[in-house]
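# Working through the structure, step by step
Read off the chains here:
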Amino acid sequence: MQEPVKPLDRNRLSVLVAVLLLGNVIFCLIELPEHVWKLEPLGSPLEIRVTGTWLLIALMVGLVCSGTNLTLHDHPHLAEHPGRPIYIFWILPGVMAGFSAYLLARAPTRPLLIGGLILAGVGISLTISAEYTAVSPDAPGYPLAQLALNVLAYLLAFTLFTIIYHTRTRSLVTATLTLLTATLSALDLLSVADVQFRRVLLFAGIVGLIIGESTWALNYWQISAWVGGLLLLLIFYVAVNVAHQHLLERLSVSTLVEFAVVAIVVLVIILLRAP
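Remember, it's a predicted structure, so these values are computed and weren't measured experimentally. (Residues numbered from 1 in each chain as written. Predicted model: local features only at pLDDT ≥ 70, side-chain atom pairs only at ≥ 80, totals over all residues. Heavy atoms only, no water.)

### Section: the overall build of the protein
Secondary structure assignment for the protein yields nine helices and two strands. Across the protein, helices and strands are ordered from the amino to the carboxyl terminus as α-β-β-α-α-α-α-α-α-α-α. Relative to a compact globule of 275 residues, whose C-alpha radius of gyration would be 19 Å, the protein shows 20 Å and is just as compact. Judged by the C-alpha coordinates and their principal axes, the protein covers about 60 × 55 × 35 Å. Out of the 275 residues belonging to the protein, those deemed buried represent 44%. For the protein, the computed accessible surface area is about 15,100 Å², with 70% contributed by carbon and sulfur atoms. (Helix = DSSP H or I, 4+ residues; strand = E, 2+ residues; numbered from the N terminus. Rg over C-alpha atoms; globule rule 2.2 N^0.38 Å. Buried < 20%, exposed > 50% of the residue type's maximum accessible area, 1.4 Å probe, protein only. Areas by Shrake-Rupley, 256 points an atom, 1.4 Å probe, with all protein chains shown as cover.)

Structure follows, in structure tokens:
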């Protein structure tokens with residue numbers, strides 16, 4: 001008989017969110033010095049600017065990952081799914097925290113900062129709550145929680161692809177960042193398959209490489225940031241779902257044709273609406 005699932009510790013979650021939001025407020029009041037690293041990868045100059053915002057992002061991601069780990073360890077069924085290590089559950093809350101810190105550091109007015117803090121707190125709380133529910137596939141709320149997490153993963157991937165593509169920096173930087181983003185997002189999406197984790201890791205890495213190479217190619221195309229983000233999302237969606245079907249041993253010619261048709265239709269719509 002399975003041990004009953006404990007309710008999520010709301011007090012612990014509240015403390016975590018309060019610390020995260022307080023950290024964002026403190027960093028908005030303190031201006032840290034900027035450090036510039038000058039490198040020459042592949043024989044051409046490259047400047048990396050490390051600002052207080054990036055320090056804040058690193059701190060917020062570390063805090064939310066630690067808090068998520070502590071919160072999920074209360075779940076009695078966590079050890080029953082070795083194919084999905086606990087650190088996979090850190091990905092979406094961590095990305096949410098980092099993205100929230102990035103946006104809050106750029107809030108131009110105090111009302112926007114306050115509103116952003118409220119939205120960030122609610123979003124991170126809901127994400128961790130959904131991750132807690134999604135630990136056990138037998139939980140009554142599992143289908144809805146997993147669906148919400150999948151949608152969030154694709155939305156975050158699209159947003160990060162668009163922001164990275166908008167920078168128009170060297171392909172060495174943008175392709176590397178989209179590769180890391182796609183790999184982490186694919187890890188989260190593919191880990192729900194009940195297979196050995198090293199296979200999930202392999203296919204997530206392949207998806208990341210596909211997105212990195214696609215970014216490198218798209219950088220030679222003069223298109224808007226949102227079109228570039230949509231194209232990368234389309235490639236990511238097809239690659240992840242083909243990999244997922246393969247891991248489940250359900251990949252067939254009809255499935256490939258279905259994904260190809262969907263991809264072609266969406267691609268045509270994007271290109272027709274592109275400026």
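### Topic: the nonpolar core
Counting 64 residues, the largest nonpolar core has L190, F236 and V240 as its most contacted members. Looking at this core, the elements that each hand over two or more residues are helix 1 (10-29), helix 2 (52-72), helix 3 (91-104), helix 4 (110-133), helix 5 (142-167), helix 6 (171-190), helix 7 (197-218) and helix 8 (225-247). Among residues more than four places away in sequence, those in contact with F236 are Y154, A157, F161, A182, S185, A186, L189, V207 and I211. (Core = buried A, V, L, I, M, F, W, Y, C linked by side-chain atoms within 4.5 Å. Contact = heavy atoms within 4.5 Å.)

### Looking at helix 9 (residues 253-273)
The terminal C-alpha atoms of helix 9, which comprises 21 residues, lie 30 Å apart, in line with the 30 Å expected from a rise of 1.5 Å per residue. Of the positions making up helix 9, those classed as buried are T255, F259, A263 and I270. Buried positions in helix 9, seen along its axis, are confined to an arc of 60° and lie on one side of it. For helix 9, the exposed residues set more than 90 degrees away from the buried face come down to V253, S254, E258, I264 and L272. (Expected span 1.5 Å × (residues − 1). Arc of directions from axis to C-beta.)

### A few points about the environment of A225
Structurally, the position occupied by A225 is in helix 8. Residue classification places A225 among the buried positions, given a relative accessible area of 16%. Aside from chain neighbours lying at most four places away, what touches A225 is T162, Y165 and H166.

### Here's the deal with the packing of helix 6 against helix 8
Running from amino to carboxyl end, helix 6 crosses helix 8 at an angle of 40°, the nearest separation of the two axes being 11 Å. With respect to helix 8, the element helix 6 is oriented oblique. The hand of the helix 6/helix 8 crossing is right-handed. Every residue of helix 8 that contacts helix 6 at T178, A182, S185, A186, L189 and L190 is listed here: L232, F236, V240, A243, H244 and L247. Residue classes in the contact of helix 6 with helix 8 are distributed as nine nonpolar, three polar and no charged. (Axes fitted to C-alpha atoms, helices over the stretch in contact; angles between N-to-C directions. Parallel < 35°, antiparallel > 145°, perpendicular 65-115°, else oblique. Left-handed = near helix turned anticlockwise from the far one by under 90°. Nonpolar A, V, L, I, M, F, W, Y, C, P; charged D, E, K, R; others polar.)

### Details of a nonpolar patch on the surface
A surface patch of nonpolar side chains, about 470 Å² in accessible area, is lined by L22, V25, I26, L29 and I30. Along the chain, V25 falls in helix 1. What makes V25 partly exposed here is its relative accessible area of 30%. (Patch = residues over 30% accessible without salt bridge, like charges linked within 9 Å, V, L, I, M, F, W, Y side chains within 5 Å. Salt bridge = Lys/Arg side-chain N within 4 Å of Asp/Glu carboxyl O.)

### Description of the environment of I210
In this fold, I210 is placed in helix 7. In sequence terms I210 and N24 are 186 residues apart; their C-alpha atoms lie 34 Å from each other. Residues in contact with I210, not counting those within four places in the same chain, are I235 and A239.

### Observations regarding the packing of aromatic side chains
Under the counting rule described, the total for this entry stands at six aromatic pairs. A ring pair is formed by Y154 and F236, whose centres lie 5.8 Å apart and whose planes are at 70°; its orientation type is edge-to-face. Of this pair, Y154 sits in helix 5 while F236 sits in helix 8, and the two are 82 residues apart along the sequence. What makes F236 buried here is its relative accessible area of 0%. Relative to Y237, the ring of Y154 lies with its centre 5.7 Å away and its plane at 55°, an arrangement referred to as tilted. Of this pair, Y154 sits in helix 5 while Y237 sits in helix 8, and the two are 83 residues apart along the sequence. Here a set of aromatic residues connected by ring pairs shows up, and it is made of Y154, F161, F236 and Y237. (Phe/Tyr/Trp six-rings, centres within 6.5 Å; stacked < 30°, edge-to-face > 60°.)

### What about unusual backbone geometry?
If you check the backbone angles, R168 has positive phi at about 55° while not being a glycine. On the secondary structure map, R168 appears in the loop between helix 5 and helix 6. Even without being a glycine, E249 presents a positive backbone phi close to 60°. With respect to the secondary-structure elements, E249 resides in the loop between helix 8 and helix 9. Residue E249 is classed as exposed on the basis of its relative accessible area of 71%.

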